[in-house]
Amino acid sequence: MSSPCDPANAPVGDVSTALLVIDSRLKAIYDGRTGTDPEQQRMVDQFAASLGPAEADALLEGVCTLIYMYMDWLRVVCERHDKEVVEHVVPTLVATMRMMPNTFRPEVIPTMAGLLIAAGTGLSPNLWRAQYGDWTGAEMNPLEATSVLLAEHINRIVGDDQDFATRLIADALAVTDDH
């Protein structure tokens, strides 16, 4: 029986821009810039202000697609080692979220964990979240941070390759563009 949260029913969104944002955040972290760079924040704010509602929705959907793709890749890797992706990934990321109270207020952690679990069980994170109403402003930074944490987790498990998660998606996009 098909689920209304099946990824085949979900819009893909603007994955390219979402990947650019996530990759930018990862590079800043790897460069040791964990604080907010005022110039980068100004550019992000300017970019966000330039988005209309449709573009903002597409970016949001793109971030959810990234989360789905990362969790799908992790699921395949976990299955090769007879592990369950939800059991292997979610507790680690939730523990990290709990150590970041400025980014992850306690009330958003269950939603972010739910997104990861939805993706890890083959559901669209965006469609899963839509069941509970519209996204809130308070969920935007945690959503972005969740995708960054997930990409960083992948980079770490493949042997500290700081660009692996970005290449994984870029390669998938290139194959899609070729067809």
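Just above, that's the structure.
A brief look at the structure comes next.

A word on the state of the cysteines
So, step 1. What the rule picks out here adds up to 0 disulfides.
So, step 2. Here Cys-5 stays unpaired: no disulfide links it, and the sulfur of Cys-64, its closest cysteine neighbor, is 12 Å away.
So, step 3. Residue classification places Cys-5 among the buried residues on the basis of a relative accessible area of 5%.

A look at the side chain of Glu-144
So, step 1. By the element assignment, Glu-144 lies in helix 7 (residues 140–157).
So, step 2. Among the residues examined, Glu-144 registers a relative accessible area of 17% and is labelled buried.
So, step 3. Once residues lying within four places of it in the same chain are set aside, the contact partners of Glu-144 are Val-21, Ile-22 and Arg-25.

Some points on the pattern of salt bridges
So, step 1. On inspection of all chains with the given rule, the structure shows 9 salt bridges.
So, step 2. Arg-105 is the salt-bridge partner of Glu-107, the closest N and O atoms lying 2.8 Å from each other.
So, step 3. Several salt bridges share partner residues, and in doing so they unite Asp-23, Lys-27 and Asp-163 into one network.

Here is what the cut-offs are and how they apply
Residues numbered from 1 in each chain as written. Predicted model: local features only at pLDDT ≥ 70, side-chain atom pairs only at ≥ 80, totals over all residues. Heavy atoms only, no water. Disulfide = S-S within 2.5 Å. Buried < 20%, exposed > 50% of the residue type's maximum accessible area, 1.4 Å probe, protein only. Helix = DSSP H or I, 4+ residues; strand = E, 2+ residues; numbered from the N terminus. Contact = heavy atoms within 4.5 Å. Salt bridge = Lys/Arg side-chain N within 4 Å of Asp/Glu carboxyl O.

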